[in-house]
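Each chain, written out:
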Amino acid sequence: MNTAVEGAGQDEASPVGREPETVESLEAGYTGAHRRYEWLGLGLAALSMIGAAAGAWHHADAGVLVWFVAIVAGIAVADLVSGLVHWGFDTWGSVDTPIVGQLAIRTFRQHHLDPKAMVGHDFVETNGHNAMLSVALTAPAAWAPEVLGAGPTIFLFFAGLFIALTSQLHKWAHMSEPPRAIRLLQKTGLVLSPDSHAGHHASPHDNGYCVTTGWMNGPLDKIGFFRGLERLIQAVTGARLNR
Ligand SMILES: [Zn+2]
Ligand SMILES: [Zn+2]
C-alpha cells in the first residue's frame, strides 16, 4: 500500500472570497435528501443492469471477437468517463455551484482533504451516485438490444457496469486490506491499484484522474490531455481554474 494514497493533504487552496472548506464542513453537506437520491440510484441501476445483462445475453452468439472488443471498449470508456467527470469536479466550480456543488464537487474536494474518509462510507454512500449515472448507459441496452445490435449492447452493459463500480473500485484502492480477490485484480492492473492512484493524491491533484481501472491514466497524462482541455475551455469560455 502506498502511503501517498493514505496521507491527507492539507495544503489545498481555497476559493477566493469564501471560508476555506474543511473536512467537517464538506461532510456536513451529506443530507437526508442526498441519501434518498442514492437509494433511488441503486434501485434504478439494479433494474436497468439486470435488463442490460439480459440484452447482452440476447447476443450471446455474437462471437468471441465482438464480445472481447465490446468488453474492453466498454471498460476503457468507463475509465475515461471517470477521469473526465473527476477532472471536471476537481478543476471547475466550488461547493457553491448550483446542483453539482453539493451533489458532486463537495465529495471530490473532501476526498483530497481526507482521502481515507471514503473507506468509512457504506455501500449506499459509496455507490448510489454512480449507480444513478450508469442508468443512462444500461437503459438503452435493456430496452433496445435488437435495435442496437450485439456490439453496442454489450459495450453499453459493460460501460454502465464499470461506471456503477467506479467509486467501489476507487474505495478499494484506498483500503489497507481490500478483499483478497480485489487485491489480486489490483496487482494484475485489471482494476485501479493503490500505487497507480497514489500520484493523484499529491498536490495539486492534476493527473491520474481515471479511477475505475486506471487504464487510461498513462496515455492521457502522457499526451497532456487534461491540460489541453483546460486551455481550450479557458480560451473559449474564459472560465477560471479552481483546483
Ligand atoms: Zn481528485
Ligand atoms: Zn482517491
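Throughout, a residue's number is its position along its own chain's written sequence, starting from 1. Think of it this way: whatever chain is written first is A, whatever ligand is written first is 1, and the rest follow in order. Local features in this predicted model are restricted to residues whose pLDDT is 70 or higher, and side-chain atom pairs enter the listing and the counts only when it is 80 or higher, whereas totals over whole chains, interfaces and linings include all residues. The side-chain quantities take in all heavy atoms of the structure and omit both hydrogens and water.

Peer 1: Describe the overall build of the protein, listing the residues and the values that go with them.
Peer 2: A tally of helices and strands in the protein yields 12 helices and zero strands. Numbering of helices and strands runs from the N terminus, with a helix taken as a DSSP run of H or I at least four residues long and a strand as a DSSP run of E at least two residues long. Listing every helix and strand of the protein by position from the N terminus yields α-α-α-α-α-α-α-α-α-α-α-α. By definition in these notes, contact holds between two residues if any of their heavy atoms fall within 4.5 Å. Here the contacts in the protein between residues at least 6 apart in sequence split such that 72% fall between residues at least 24 apart. Shrake-Rupley sampling with a 1.4 Å probe provides the accessible areas, and residues are treated as covered by the protein chains on show and by no other component. Working note: accessible area of the protein is about 12,000 Å², and carbon and sulfur atoms make up 68% of it.

Peer 1: Residue-level account of the coordination of the zinc ion (ligand 2), with values.
Peer 2: By definition of the ideal shapes, a tetrahedral metal site with four donors has angles of 109.5 degrees and an octahedral site with six donors has angles of 90 or 180 degrees. Donor atoms (N, O, S) are those found within 2.8 Å of the metal centre, with the cutoff raised to 3.2 Å for Na, K and Ca; water is not part of the atom list, so apparent gaps in a site can occur. Listed as protein donors to the zinc ion (ligand 2) are H111 (NE2), H170 (NE2), H174 (NE2), H197 (NE2) and H201 (NE2); their distances from the metal cover 2.0 to 2.2 Å. Any residue under 20% of the maximum accessible area for its type is buried, any over 50% is exposed, and the rest in between are partly exposed; the area is computed with a 1.4 Å probe on protein chains only. Look at H111 and you get buried, because its relative accessible area is 9%.

Peer 1: Explain the coordination of the zinc ion (ligand 1) to me, using residue names and the numbers behind them.
Peer 2: In this structure, H86 (NE2), D90 (OD), H112 (NE2) and H200 (NE2) serve as the protein donors to the zinc ion (ligand 1), at separations of 2.1 Å. For a four-donor site, all angles between 85 and 135 degrees give tetrahedral; for four or six donors, opposite pairs above 155 degrees with the remaining angles between 65 and 115 give square planar or octahedral; all remaining cases count as irregular. Every donor counted, the four donor atoms about the zinc ion (ligand 1) form angles of 88 to 169 degrees at the centre, which fits irregular coordination.

Peer 1: Give a detailed account of unusual backbone geometry, specifying residues and quantitative values.
Peer 2: Of note, the bond from S203 into P204 is cis; its omega dihedral lies within 30 degrees of zero at 10 degrees. You will see that I99, though not glycine, has its phi angle at about 60 degrees, which is positive. Position of I99 relative to the elements: it lies in the loop between α4 (64–91) and α5 (100–113). Positive phi, close to 55 degrees, is recorded for H205, a residue that is not glycine. One can find H205 in the loop between α10 (194–198) and α11 (217–222).

Peer 1: With reference to specific residues and values, describe the nonpolar core.
Peer 2: By size, the foremost hydrophobic cluster in this structure holds 20 residues, and its most contacted members are I154, F157, F158 and F162. Every element with two or more residues in this core is listed here: α3 (32–57), α4 and α8 (150–174). If one sorts the elements of this core by residue count, α8 sits on top with nine residues. When sequence neighbours within four positions are dropped, the list of residues in contact with F157 reads M49, A52, A53, A56, T138 and A141. Nonpolar core, defined: a set of buried Ala, Val, Leu, Ile, Met, Phe, Trp, Tyr and Cys residues in which side-chain atoms within 4.5 Å join the residues together.

Peer 1: Pulling in residues and values, what's your account of the confidence of the model for the protein?
Peer 2: What pLDDT reports is the predictor's confidence in each residue, on a scale of 0 through 100. Averaged over every residue, the pLDDT of the protein is 89; the share at 70 or more is 88%. Across residues 1–17 the pLDDT falls below 50, and counting only partners more than four positions away or on other chains, this stretch makes 38 contacts in the model.

Peer 1: Summarise the environment of S193; cite the residues concerned and give the values.
Peer 2: Among the secondary structure elements, S193 is positioned in the loop between α9 (180–188) and α10. By relative accessible area, which is 15% here, S193 ends up buried. Through-space distance from the C-alpha of S193 to that of G214 is 7.7 Å; in sequence the pair is 21 residues apart.

Peer 1: Before we move on, could you go through the pattern of salt bridges and cite the residues and values that matter?
Peer 2: Salt bridges are counted wherever a side-chain nitrogen of Lys or Arg sits within 4 Å of a carboxyl oxygen of Asp or Glu. Under the criterion given, the structure shown has four salt bridges. With its nearest N and O atoms 2.7 Å apart, the salt bridge here joins R35 to D122. Residue R35 is located in helix α3, and its partner D122 is located in the loop between α5 and α6 (123–143); the two are separated by 87 residues in the primary sequence. We classify D122 as partly exposed; its relative accessible area is 33%. Put simply, E230 and R243 hold a salt bridge, and the shortest N to O gap is 2.9 Å. Of this pair, E230 sits in helix α12 (residues 225–237) while R243 sits in the segment after α12; the two residues are 13 residues apart in sequence, bridging distant segments of the chain.

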